[in-house]
Amino acid sequence: MRPFTARPDVAARLKTNIKAVEFIQDQVLTMVEPALAVRLSPDMLRKRVEELIAVVAAQHQLLINQEEQRALAELIVDDMVGLGPIEPLLNDETVSDVMINGPSMVYVERKGKLQLTPVHFRNDAHVMHVAQRIASSVGRRIDESSPMLDARLPDGSRVNAIIPPLSLKGPCISIRKFSRNVMNFWRFTELGTVSREMARALEIAARCRLNVIVSGGTGSGKTTFLNALSLMIDHGERIVTIEDAAELQMQQPHVIQLETRPANIEGKGEVTQRDLVRNALRMRPDRIILGEVRGVEAFDMMQAMNTGHNGSMSTIHSNSARDALARIENMILMANVNVPLQSIRMQIASALDLIIHTERMRDGVRRVTEVVEVAGIEHETILLGSLFTYRYVGQNPDGSLNGYFKCEGGRPRFLPRVEYYGFGDEFLEALTPTKPPERK
Ligand SMILES: Nc1ncnc2c1ncn2[C@@H]1O[C@H](COP(=O)(O)OP(=O)(O)OP(=O)(O)O)[C@@H](O)[C@H]1O
Ligand SMILES: [Mg+2]
């Protein structure tokens with residue numbers, strides 16, 4: 001991996017002589033054949049580009065020292081084979097998201113906070129060029145007639161690009177970087193995402209094949225949490241995963257990963273999440289893991305959970321655990337207009353065991369703010385029983401939030417299942433009610 005250090009400020013210094021730099025960049029780009037650029041190793045290509053930079057600089061009497069020559073060669077090579085100026089951000093382990101809003105507006109997320117970077121593109125066309133390169137690498141295209149793109153980079157990172165006329169200012173690219181390290185519950189306790197008791201209870205929940213939904217806002221850590229839950233699944237189980245863009249990192253040997261397919265240019269050949277959930281049911285799965293439930297497939301997923309596929313899991317975009325239920329209900333209504341609401345609610349109440357709500361809070365920390373059990377249904381209301389909640393107390397001088405995870409105690413409806421798997425005592429111990437910390 002290439003070092004990130006020095007490059008942003010070398011790039012910033014190159015900016016002072018921007019005309020010369022752009023001139024050299026354009027000249028060198030036309031001098032190297034694209035086919036050759038693909039064939040050469042990055043090191044050989046960089047060497048070749050450095051030579052060409054020296055030639056162009058000498059020919060046109062442009063002042064550029066050796067360090068700048070090397071930095072410029074990096075930029076040009078990234079332009080030819082990588083994703084241009086954002087390559088160093090993609091290689092930077094501390095960056096989790098890269099958001100290009102325009103040529104001079106590149107944001108990253110580090111430690112849960114957004115930061116503007118000094119990275120810049122030459123112009124809109126340069127951003128567009130990168131979007132097109134991503135599109136063609138997955139056999140798609142992005143242009144005025146098809147101005148939105150979802151794709152995955154070879155390293156698994158998730159990319160969305162949207163261009164004019166839909167994006168009013170210019171092309172925008174958003175990248176959720178793929179994290180090679182699966183976070184586990186131990187790491188979550190270290191990061192302040194959950195308390196130790198919550199970690200223990202949720203590990204047991206995943207092992208005892210409870211049906212779980214992880215809810216939360218965009219980027220709140222839902223998929224990461226689902227990955228951590230999946231670490232608890234027994235290696236003897238047959239798991240089918242369904243996603244739009246594969247992000248789940250199952251560690252078990254017996255996993256079948258399914259991915260949806262968008263329609264082709266003629267609008268044909270689409271395979272939806274619903275198609276895949278239905279297909280998965282014919283594959284004798286022990287568990288079905290749906291990356292994110294976002295539409296009519298909610299109906300099939302609830303049916304799967306109700307018909308012997310205990311331990312199925314998914315994520316959902318929502319503002320709270322209660323809101324997650326309302327959204328699932330709406331999704332099912334979209335699929336089945338003729339089914340009475342009451343029977344939909346009964347179906348949801350008997351399918352789901354746990355809802356885990358995640359939030360990226362204003363101090364940048366991602367926390368599980370609610371763990372609730374789906375306790376049944378009374379009249380027309382699905383009953384939720386709170387197991388854990390995050391209680392905000394105040395703010396520390398450094399801006400971090402001061403709060404604690406409170407356990408409400410209780411004996412959840414699914415306790416017999418936990419006991420059946422032999423974890424009853426341990427689970428109840430993790431559910432010991434928390435006393436609020438004493439105020440000083
Ligand atoms: N508990 C955590 N602590 C710190 N960082 C986390 C935590 N969970 C997730 N992250 C980081 O936050 C980013 C977003 O995580 P993730 O993809 O899981 O969110 P998401 O809710 O699934 O997002 P989306 O709504 O876009 O699907 C990732 O870079 C991930 O590494
Ligand atoms: Mg996600």
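As the structure is a computational prediction, the values presented were derived from the model and not from experiment.

Engineer: I tried to follow the overall build of the protein on my own but got confused; where do I start?
Structural biologist: When helices and strands are counted, the protein shows 16 helices and 15 strands. Overall, the protein is about 80 × 65 × 40 Å in size when its C-alpha atoms are taken along their principal axes. Put simply, the protein has 440 residues, and 49% of those count as buried. Sequence separation of 24 or more characterises 56% of the internal contacts of the protein that already satisfy a separation of 6 or more. Summed over all atoms, the accessible surface of the protein reaches about 22,000 Å², with 52% contributed by carbon and sulfur. The distance from the centre of the 53 positive side-chain charges to the centre of the 54 negative ones in the protein is 1 Å.

Engineer: Just checking my understanding: could you explain the UniProt feature "domain: AAA+ ATPase" (unreviewed entry) in the protein for this structure?
Structural biologist: The UniProt record marks residues 208-362 with the feature "domain: AAA+ ATPase" (unreviewed entry), using the residue numbering of this structure. The span residues 208-362 is 35% helical and 20% strand by assignment, and the distance between its end C-alpha atoms comes to 34 Å.

Engineer: Would you explain the environment of N184 in this entry?
Structural biologist: Looking at the secondary structure, you find N184 in the loop between β6 (172-176) and α8 (185-191). As for N184 and S230, which are separated by 46 residues in sequence, their C-alpha atoms are 9.6 Å apart. In contact with N184, other than residues within four places in its own chain, are A228 and L231.

Engineer: How should the pattern of salt bridges be read in this particular structure?
Structural biologist: Here the idea is simple: oppositely charged side chains can pair when their charged atoms come close. Following the criterion strictly, the structure yields 25 salt bridges and no others. Here D300 makes a salt bridge to R278, at a shortest N to O gap of 2.9 Å. Highlighted residues: D300 in helix α12 (residues 297-306) and R278 in helix α11 (residues 273-281), separated in sequence by 22 residues. Taking relative accessible area as the criterion, D300 reaches 3% and is therefore assigned buried. If you follow the salt bridges from partner to partner, you end up with D43, R46 and E74 in one network.

Engineer: When you look at the sheet that holds strand β2 (residues 105-110) in this model, what are you seeing that I'm missing?
Structural biologist: Whether parallel or antiparallel, the strands of a sheet pair through hydrogen bonds between backbone atoms. Pairing is antiparallel across the open sheet formed by six strands, whose spatial order is β3-β2-β1-β6-β5-β4. Each of the sheet's edge strands pairs with one partner strand only, and the pair in question is β3 (113-116) and β4 (148-152). Between one strand and the next, the sheet's axes are offset by a mean angle of 15 degrees, whatever the strand orientation. Pairing geometry for strand β1 (residues 95-102) and β6, over four bridges, is antiparallel. Directly across from D97, in β6, lies its bridge partner R176.

Engineer: Would you take a moment to explain the sheet that holds strand β13 (residues 366-378) for this structure?
Structural biologist: Pairing is mixed in the open sheet, where nine strands are placed in the order β9-β8-β10-β11-β7-β12-β13-β14-β15. With partners counted over all chains shown, the strands left at the sheet margins are β9 (255-259) and β15 (401-407), one partner each. Put simply, the sheet's adjacent strands are angled 25 degrees from each other on average, direction ignored. Pairing of strand β14 (residues 381-395) with β15 involves seven bridges; the strand directions are antiparallel. Looking across to β15, one finds that T389 is bridged to K406. Its contacts with the sheet put α11 on β8 (239-243), β9 and β10 (287-290), and the angle it makes with β8 is roughly 170 degrees. Packing of α12 onto the sheet brings it into contact with β7 (212-216), β10 and β11 (313-317), and relative to β10 it is tilted by some 155 degrees.

Engineer: What exactly am I supposed to notice about the pairing of β4 here?
Structural biologist: A regular strand places its side chains so that they alternate between the two faces of the sheet. The alternating pattern of β4 places L149 and A151 on a buried face, while none of M148, D150 and R152, on the opposite face, is buried. The loop that links β4 with its antiparallel partner strand β5 (residues 158-162) comprises five residues; one of these, G156, has a positive phi angle of about 95 degrees.

Engineer: So what exactly am I meant to see when it comes to the site of ligand 1 here?
Structural biologist: As a structural note, the neighbourhood of ligand 1 is formed by 17 residues, with R158, T193, K222, T223 and T224 the closest of them. At a separation of 3.0 Å, an oxygen atom of ligand 1 approaches a polar backbone atom of G221. Against a free-state accessible area of 630 Å², the protein chains account for coverage of 89% of ligand 1. At the level of elements, α8 and α10 (222-230) are the ones that each hand at least two residues to the shell around ligand 1.

Engineer: Before we go on, may I ask you to explain the environment of V98 in this structure?
Structural biologist: Relative to the elements of secondary structure, V98 occurs in strand β1. Accessibility expressed as a relative area gives 0% for V98, which makes it buried. Between the alpha carbons of V98 and I173 there is a distance of 8.1 Å; along the sequence they are 75 residues apart. With residues up to four places along the chain from it excluded, the contact list for V98 reads I86, L89, L90, V106, Y107, V108, I173, S174, I175 and K177.

Engineer: I tried to follow the pairing of β10 on my own but got confused; where do I start?
Structural biologist: Alternating positions in β10 separate into two faces, R287 and I289 on one and I288 and L290 on the other, with burial throughout. In this structure, β8 lies alongside β10, joined through four bridges in parallel fashion. Across the sheet, the residue bridging to I242 is L290, located in β10.

Parameters at a glance
Residues numbered from 1 in each chain as written. Chains lettered and ligands numbered in written order. Predicted model: local features only at pLDDT ≥ 70, side-chain atom pairs only at ≥ 80, totals over all residues. Heavy atoms only, no water. Helix = DSSP H or I, 4+ residues; strand = E, 2+ residues; numbered from the N terminus. Buried < 20%, exposed > 50% of the residue type's maximum accessible area, 1.4 Å probe, protein only. Contact = heavy atoms within 4.5 Å. Areas by Shrake-Rupley, 256 points an atom, 1.4 Å probe, with all protein chains shown as cover. Lys, Arg positive; Asp, Glu negative; His and termini not counted. Charge placed at Lys NZ, Arg CZ, Asp CG, Glu CD. UniProt positions renumbered as here; feature names shortened; annotations may be inferred. Salt bridge = Lys/Arg side-chain N within 4 Å of Asp/Glu carboxyl O. Pairing = 2+ DSSP bridges. Axes fitted to C-alpha atoms, helices over the stretch in contact; angles between N-to-C directions. Near = heavy atom within 4 Å. Polar contact = N/O pair within 3.5 Å; in protein donor to acceptor, adjacent residues only side chain to side chain.

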